[in-house]
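# Topology and contacts: notes
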Amino acid sequence: MYNDNIIINGGDSLKKYLIFFISLLFITGIGGFLYIKYYDYKNGKTLNWVDKYLIIDEDLSFEDGIKMLKDESYITSTKAIKYYAKHYKLMNPIKKGNYIISPRMNLKDLLAKVQSGISDFEKITIPEGYSLYQIASLLEEKNLLKKEELLKTTWKELQLTSIIEPSSNIIYDLEGYLYPDTYYIPVNASKEQIINELYGQFLKVFTEEYRNRAKELGLTVNEVVTIASLIEKEAAKVEEMARISGVIHNRLKNNMLLQIDATLIYAHTAGEKSFSPTNKHKLIDSKYNTYKYKGIPPGPIASPRKEAIEAALYPEKHDFLYYVKGQDGHVFSKTYEEHLANVRKYMN
């Protein structure tokens, strides 16, 4: 009788524990579900309010990946997103890629995106002084656009509202007008979209103030950008750009040949490469040859930065007509005799 009571009581206890365990699982499940819903409501979206460009240079573990997302201020909590990822079975590694994170993106979509390895954009940096040929080569390397497509593009084809009045003797219509900067270009962007982005940046830099200043100087926008491109290629540092601009303006006023090596190189290569020109290279019959033709070349020879454009518009006032590369930048002179002395000092 005693033993039977023990067995019966033990059975009741087992049932109680089983009911308790099942209830706990149920409560945990409901709690987890409610937590997910609460998290969706309160923290279930990224923190950015505009498109952000996330570049992941190498594959990361899930743990390292979500820590990176928190460190970069895309999410508020690694603990919460981890629970979220478990619920949606998104505990996979984070893959290398370039991702556009939309404003307030759902975290499920965020995890799916950064685990896909499918890039949304390419980051390109166009250095100051790059020629159109070099820009076209860079875009082709990134598989964004065929080089020849960009080189052959004309202003008429783009049908843009343009402030540019290009010369008929230019080699490439867009030379000088695709602004040197860093861009995030969607992988499926069209040629027109890419050009609009780069040219649009130029328009932001070349303000109405600059256009009015060009008129004061009696120059077209094309002439200003051409002078700026010469300054960009000639200057050893930004600090001497306005002084070099002064030399160019002085020589133009005095009806002198500009005699700038960078134009000679462009006349021979159209921006494809650089070399050290010799006297034989000065014989080429090209409007870009400033050893042969006076005045401003037909068009830009490279893409100038803002500082070079400003220098072209606001040249330093002085009497210098010559310069030669010295040990730390250029050395300037007022007479040809002084210039020859500097050449002997610094070039030999």
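Residues numbered from 1 in each chain as written. Predicted model: local features only at pLDDT ≥ 70, side-chain atom pairs only at ≥ 80, totals over all residues. Heavy atoms only, no water.

### Examining the overall build of the chain
The secondary structure content of the chain amounts to 14 helices and 6 strands. Sequence-distant contacts, at least 24 apart, represent 65% of the contacts inside the chain between residues at least 6 apart. Accessible surface, the chain: about 19,700 Å² in total, of which carbon and sulfur atoms supply 51%. (Helix = DSSP H or I, 4+ residues; strand = E, 2+ residues; numbered from the N terminus. Contact = heavy atoms within 4.5 Å. Areas by Shrake-Rupley, 256 points an atom, 1.4 Å probe, with all protein chains shown as cover.)

### Brief notes about a nonpolar patch on the surface
On the surface, Tyr53, Ile55 and Tyr184 cluster together into a nonpolar patch covering about 230 Å² of accessible area. Assignment of secondary structure puts Ile55 in strand S1 (residues 52-56). Under the relative-accessibility criterion, Ile55 is labelled partly exposed at 32%. (Patch = residues over 30% accessible without salt bridge, like charges linked within 9 Å, V, L, I, M, F, W, Y side chains within 5 Å. Salt bridge = Lys/Arg side-chain N within 4 Å of Asp/Glu carboxyl O. Buried < 20%, exposed > 50% of the residue type's maximum accessible area, 1.4 Å probe, protein only.)

### Side note on helix H13 (residues 306-313)
Listed in full, the buried residues belonging to H13 are Ala308, Ile309, Ala311, Ala312 and Leu313. Its buried side turned inward, H13 meets helix H8 (191-205), helix H9 (208-217), helix H10 (221-234) and helix H11 (241-253).

### Re the confidence of the model for the chain
Confidence in the prediction for the chain averages 89 pLDDT; 86% of positions are at 70 or higher. For residues 1-8, every residue scores under 50 in pLDDT, and the model assigns this stretch 0 contacts once sequence neighbours within four places are set aside. (pLDDT = per-residue confidence, 0-100.)

### Section: the environment of Arg251
Examined against the element boundaries, Arg251 turns out to sit in helix H11. Given a relative accessible area of 6%, Arg251 falls into the buried group. Along the chain, Arg251 and Tyr322 lie 71 residues apart, while their C-alpha atoms are 8.8 Å from each other. In contact with Arg251, other than residues within four places in its own chain, are Met256, Leu257, Leu258, Gln259, Leu321 and Tyr322.

### Things to note about unusual backbone geometry
Located in the positive-phi region is Asn143, a residue other than glycine, with phi close to 60 degrees. Along the chain, Asn143 turns up in the loop between helix H5 (132-141) and helix H6 (147-151). Under the relative-accessibility criterion, Asn143 is labelled exposed at 68%.

### Remarks on the packing of aromatic side chains
Tallied over the full model, the rule gives 14 aromatic pairs. Pairing Tyr53 with Tyr184 gives two aromatic rings, centres 4.7 Å apart and planes at 20 degrees, and the pair type is stacked. Taken together, the positions of Tyr53 in strand S1 and Tyr184 in strand S4 (residues 182-186) put the pair 131 residues apart, joining distant regions of the chain. According to the relative accessible area criterion, Tyr53 is partly exposed, its value standing at 34%. Under the relative-accessibility criterion, Tyr184 is labelled partly exposed at 31%. Judged by centre distance (5.8 Å) and plane angle (40 degrees), the rings of Phe320 and Phe332 are tilted. Residue Phe320 is located in the loop between H13 and strand S5 (322-325), and its partner Phe332 is located in strand S6 (residues 330-333); the two are separated by 12 residues in the primary sequence. Since its relative accessible area comes to 16%, Phe320 is described here as buried. Judged by relative accessible area, which is 13%, Phe332 ranks as buried. Chaining the aromatic ring pairs together yields one cluster made of Trp155, Tyr177, Tyr199, Phe202, Phe206 and Tyr210. (Phe/Tyr/Trp six-rings, centres within 6.5 Å; stacked < 30°, edge-to-face > 60°.)

### A closer look at the pairing of S6
In this sheet, S6 lies alongside S5 in antiparallel orientation, the contact comprising 4 bridges. When the sheet's bridge partners are listed, Val324 is paired in S6 with Val331. (Pairing = 2+ DSSP bridges.)

### Thoughts on helix H3 (residues 78-87)
Residues of H3 that are buried: Ala80, Ile81, Tyr84 and Ala85. Burial along H3 is one-sided: seen end-on, the buried residues are contained in an arc of 135 degrees. Across H3 from its buried face, at more than 90 degrees, point the exposed residues Lys79 and Lys86. Two or three places before Lys79, at the start of H3, stands the capping residue Ser77, its side-chain oxygen 3.3 Å from that residue's backbone nitrogen. Just past H3, the residue Lys89 takes up positive phi, approximately 55 degrees. (Arc of directions from axis to C-beta. Polar contact = N/O pair within 3.5 Å; in protein donor to acceptor, adjacent residues only side chain to side chain.)

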